[in-house]
Amino acid sequence: MSTLTPSQRAGAWLTQFGQVLAANDLGAIPRMFAPECYWRDLVVFTWNVRTQEGREAILEMLASQLTHVKPSNFTLAGEATEADGIVDAWFNFETAVARGHGHLRLMGSEQGDQAWTLLTTMTELKGFEERKGENRVKGAEHGVHPGRKTWLEMRVEEEATLGYTQQPDTVIIGGGQGGIMLAARLRRLGVPTIVIERNERPGDSWRKRYKSLCLHDPVWYDHLPYLPFPDDWPVFAPKDKIGDWLESYVKLMEINYWGSTTAKRASFDEAKGEWSVMVERGGREIELRPRQLVFALGVSGYANVPKIPGAESFLGDQHHSSRHPGPEAYKGKKAVVLGSNNSAHDICAALWEHGADVTMIQRTSTHIAPSESLMELALGGLYSEQAVKNGIDHHKADLIFASVPYKIMHTFHIPVYEEMKKREADLYGRLEKAGFMLDFGDDGSGLFMKYLRRGSGYYIDVGASELVANGSIKLKSGVTIERINPRSVTLSDGSELPADLIVYATGYGSMNQFIADLVSPEVADRVGKVWGLGSNTTKDPGPWEGELRNMWKPTKQPQLWIHGGNLHQSRHYSQFLSLQLKARYEGLPTPVYGQSEVHHTR
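What you see is a predicted model; the values in this text were computed from it and never measured.

Student: How should the pattern of salt bridges be read in this particular structure?
Tutor: Once their charged atoms are close, side chains differing in charge can pair, the charge on each being opposite to the other. Under the defined criterion, the tally for this structure stands at 37 salt bridges. A salt bridge links Arg-40 to Glu-547, with the nearest nitrogen and oxygen atoms 2.8 Å apart. Residue Arg-40 is found in strand 1 (residues 33-42), and its partner Glu-547 is found in the loop between helix 17 (521-527) and strand 25 (560-563); the two are separated by 507 residues along the sequence. Accessibility classification places Arg-40 together with Glu-547 in one group, the buried group. In this structure, Glu-280 and Lys-264 form a salt bridge, with 3.8 Å as the shortest nitrogen-oxygen distance. You can see Glu-280 sitting in strand 12 (residues 274-281) and its partner Lys-264 sitting in strand 11 (residues 261-269), a full 16 residues away along the chain. Overall, the relative accessible area of 39% leaves Lys-264 in the partly exposed class. One continuous salt-bridge network, built from bridges that share partners, spans Arg-155, Glu-158, Glu-159, Arg-187 and Glu-254.

Student: Sorry if this is basic, but what is going on with the nonpolar core here?
Tutor: In terms of nonpolar packing, the biggest core is built from 165 residues, with Phe-17, Phe-33 and Ile-255 touching the most fellow members. Every residue in contact with Phe-33, bar those within four places of it in the chain, is listed here: Trp-13, Phe-17, Trp-39, Arg-55, Ile-58, Gln-114, Ala-115 and Leu-118. One finds Phe-314, Val-489, Leu-497 and Ala-499 within the second-largest nonpolar core, a separate group that totals 15 residues.

Student: Help me out: how do you make sense of helix 12 (residues 406-423) in this one?
Tutor: Structurally, the α-helix is built with 3.6 residues per turn, so residues lying three or four positions apart point the same way. In a regular helix each residue adds 1.5 Å, so 18 residues correspond to 26 Å; helix 12 covers 26 Å between its end C-alpha atoms and thus fits that length. A maximum bend of about 25 degrees is found in helix 12 at His-413, where proline Pro-415 lies one to four positions downstream. Taken residue by residue, helix 12 has Tyr-406, Ile-408, Met-409, His-413, Val-416, Tyr-417 and Met-420 as its buried positions.

Student: Explain the environment of Leu-567 to me, please; I cannot follow it from the model alone.
Tutor: Positionally, Leu-567 belongs in helix 18 (residues 567-585). When the C-alpha positions of Leu-567 and His-223 are compared, they lie 7.2 Å apart, and in sequence the two are 344 residues distant. Setting aside residues up to four positions removed in sequence, Leu-567 forms contacts with Gln-177, Met-181, Leu-215, Tyr-221, Asp-222 and Leu-224.

Student: Would you explain the layout of surface pockets in this entry?
Tutor: To find the voids left in a structure, one rolls a probe of water-molecule size over its atoms. When its volume is computed, the second largest pocket comes out at roughly 970 Å³. At the level of secondary structure, the elements contributing two or more residues to the lining of the second largest pocket comprise helix 4 (151-161) and helix 5 (177-189). Considering each element in turn, the lining of the second largest pocket owes the most residues, four residues, to helix 4. Residue composition of the lining of the second largest pocket, by class: eight nonpolar, four polar and 14 charged.

Student: Would you mind going over the state of the cysteines with me for this structure?
Tutor: Here, the word disulfide means a covalent bond between the sulfur atoms of two cysteines. Following the criterion strictly, the structure yields zero disulfides and no others. In this structure Cys-214 is a free cysteine whose sulfur lies 17 Å from that of Cys-348, the closest cysteine sulfur available.

Student: What is the right way to look at a nonpolar patch on the surface in this model?
Tutor: Judged by side-chain polarity, Trp-151, Leu-152, Met-154 and Val-156 come together as a nonpolar surface patch covering roughly 430 Å² of accessible area. Checked against the element boundaries, Leu-152 lands in helix 4. Note on Leu-152: relative accessible area 52%, which makes it exposed.

Student: I keep staring at the sheet that holds strand 21 (residues 481-485) and nothing clicks. Help me out?
Tutor: Strand pairs in the sheet, formed through backbone hydrogen bonds, run parallel or antiparallel to each other. Across the sheet, three strands lie side by side as 21-22-23; this open sheet has antiparallel pairing. The sheet terminates laterally at strand 21 and strand 23 (496-498), the two strands that pair on one side only. Shown here is a sheet whose adjacent strand axes are inclined to one another by a mean of 20 degrees, direction ignored. Sheet topology note: the strand 21/strand 22 (residues 488-491) ladder contains four bridges and is antiparallel. Along strand 22, the bridge assignment pairs Asn-485 with Ser-488.

Student: How should the packing of helix 9 (residues 371-379) against helix 12 be read in this particular structure?
Tutor: Helix 12 packs onto helix 9 with a crossing angle of 150 degrees between their chain directions and a minimal axis gap of 10 Å. Here helix 9 lies roughly antiparallel to helix 12, going by the angle between them. The crossing of helix 9 and helix 12 is right-handed. Of the residues in helix 12, those touching helix 9 at Ser-373, Leu-374, Glu-376, Leu-377 and Ala-378 are Val-416, Tyr-417, Glu-419, Met-420 and Arg-423. Across the contact of helix 9 with helix 12, the residue classes break down as six nonpolar, one polar and three charged.

Student: So what exactly am I meant to see when it comes to the packing of helix 12 against helix 14 (residues 447-454) here?
Tutor: In contact at an axis separation of 8 Å, helix 12 and helix 14 are set at 145 degrees when each is read in the N-to-C sense. For the pair helix 12 and helix 14, the contacting residues are Tyr-406, Met-409, His-410, His-413 and Tyr-417 in the first and Leu-447, Phe-448, Met-449, Leu-452 and Arg-453 in the second. When grouped by side-chain class, the residues that make up the contact of helix 12 with helix 14 number seven nonpolar, two polar and one charged.

Student: What is the right way to read empty space enclosed by the protein from this model?
Tutor: Taken as a whole and judged by the stated rule, the model has two cavities of 30 Å³ or more. Here the largest cavity defines a volume of roughly 70 Å³. Along the walls of the largest cavity sit Arg-40, Asp-398, Phe-401, Ala-402, Tyr-406, Met-409, Phe-448, Leu-452, His-568, Gln-569, His-572 and Tyr-573, which together make up its complete lining. Listing elements by their share of the lining of the largest cavity, those giving two or more residues are helix 11 (394-402), helix 12, helix 14 and helix 18. For the lining of the largest cavity, the leading source of residues is helix 18, giving four residues. Per-class residue counts for the lining of the largest cavity are seven nonpolar, three polar and two charged. Taken as a whole, the second largest cavity encloses approximately 50 Å³ of empty space. Surrounding the second largest cavity, Gly-441, Asp-442, Lys-450, Arg-453, Arg-454, Thr-537 and Thr-538 form its lining.

Student: Can you help me understand the side chain of Thr-590 in this one?
Tutor: Structurally, Thr-590 can be placed in the segment after helix 18. Owing to a relative accessible area of 18%, Thr-590 belongs among the buried residues under this scheme.

Student: Quick question: what am I supposed to make of the pairing of strand 11 here?
Tutor: Strand direction decides the pairing type here: strand 11 and strand 12, joined by eight bridges, are antiparallel. From the neighbouring strand, Ala-263 faces strand 12, where its bridge partner is Val-279. Between strand 11 and the antiparallel strand that follows it, strand 12, lie four residues; Gly-273 among them carries a positive phi value of about 70 degrees.

About the criteria used
- Residues numbered from 1 in each chain as written.
- Predicted model: local features only at pLDDT ≥ 70, side-chain atom pairs only at ≥ 80, totals over all residues.
- Heavy atoms only, no water.
- Salt bridge = Lys/Arg side-chain N within 4 Å of Asp/Glu carboxyl O.
- Helix = DSSP H or I, 4+ residues; strand = E, 2+ residues; numbered from the N terminus.
- Buried < 20%, exposed > 50% of the residue type's maximum accessible area, 1.4 Å probe, protein only.
- Core = buried A, V, L, I, M, F, W, Y, C linked by side-chain atoms within 4.5 Å.
- Contact = heavy atoms within 4.5 Å.
- Expected span 1.5 Å × (residues − 1).
- Bend = angle between axes of the 7 residues up to and from the residue.
- 1 Å grid on protein atoms, 1.4 Å probe; cavity = no way out; pocket = protein on both sides within 12 Å on 5 of 7 lines; lining within 4 Å.
- Points joined across faces, edges and corners; volume = space filled by probe spheres on them.
- Nonpolar A, V, L, I, M, F, W, Y, C, P; charged D, E, K, R; others polar.
- Disulfide = S-S within 2.5 Å.
- Patch = residues over 30% accessible without salt bridge, like charges linked within 9 Å, V, L, I, M, F, W, Y side chains within 5 Å.
- Areas by Shrake-Rupley, 256 points an atom, 1.4 Å probe, with all protein chains shown as cover.
- Pairing = 2+ DSSP bridges.
- Axes fitted to C-alpha atoms, helices over the stretch in contact; angles between N-to-C directions.
- Parallel < 35°, antiparallel > 145°, perpendicular 65-115°, else oblique.
- Left-handed = near helix turned anticlockwise from the far one by under 90°.

Laid out in structure tokens, this is it:
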């Protein structure tokens, strides 16, 4: 057993690692990494978002990148800790063009301490840092300067010229949370950027959802960059409150936000190295010519509305969940909701609360994660008030989360959901007795792995599951709607349900549907499927990718990027996407290593 402290062990490993890299002594690398090892790199070594799995993959990456990355100055950041034989340590380092921050997990062996997991992230580009802290602008221009312009005059001038007489470097299509966060980071980095949004106001994508919508993730998980929520912000924020925050954020962060603007078409000019993006704004067509085009459209594409025979004959109301106006008009009405994930449960519960007779149609099994158990068992260690008291704010939590390679992430989650099964055994038993089809993912790893793999298939239970279990929300499971009649629906088991309202809580398609429509099907197929890990589980076909497909990193279409995810992902990964865009804006070399092959198209 080592007599060295965890900090001494981690510091010794980092010193040796730095020396090996400086000497380009790749032969020493295998001894420094465990037989099972992972190096996850967020931009700083690979100009990519990529995990090297195993010694051979690590050696291949270093052989390609080391001479121009030129890493140096590996130093321990804070004190390392040890638990269950694993040393955890944070460290800082530099490269030829950037500064970085990382995380290391060491395990002892007969050969000495070896790395099990290594995370390296880019924090800033040398010479192109954000103008913050001691480097912030003065704002006031003291002295006498004829013709000086005020801050307001400069903002008005920028808004009048950018996109008209001066071209942006980056255009972001999609002005929801993801587009707004990325634009805020690019603004701080000095990259001229315009956000294109079809809705009139920032936050409208939240305001226009069904009335009862609240965030199911807790406040500590959902902060925006630079301006965290106040410490009295509700744990689960209502949709309109989030909408207002986003609108205020756009104003405060001075984002060039083109609301009521529709992107009509886009094409890439390889010879010029720029895009032509035609948008309609204020009744006129405007051509934007950015170098970089970002699609920031959440985690999904167009609404999936199933084509069901007889739909045109229906005499009641029918709409997708994204267009559900709320429950008020349906008191005493017969409502049928097709689907059994988050939106379906939320809409069913709100309809029941307002006196509707509600039936949920469950086609396939669904994972149920009761909110309190999820908060305590899955999120509490990283995203909670207690975590903050323990010194883990959302910045550190994001990095801890990112430090776990996707290849082994499910093994971290399986025990969480095994405990949830025990804790919620009564609810699960009553749900199954009511006929509800439950699952915990193909391998029992639960909610977040389902989210990463397929972006669907779960409900964070904030109350509706009890209504299903006790029969208040009626349930038909293992069936679908086979035919729609003027005042009813016929199910695939032959039964018939009277209906005044049909809600299709049937999810969304792939994000690259937007690319196919705006650019071309050929470009969409060149980019390939968006989202998923290649886990070869339900709705996530292999082969294994190691990272989320096409997210926050170079795609096979030059100068086209995809950004999105939930609030946590949009916050965290917008940092790394913004640095990639800034480097290209400044003309820095960005040799991308290990760009993923396309195995699946739309």
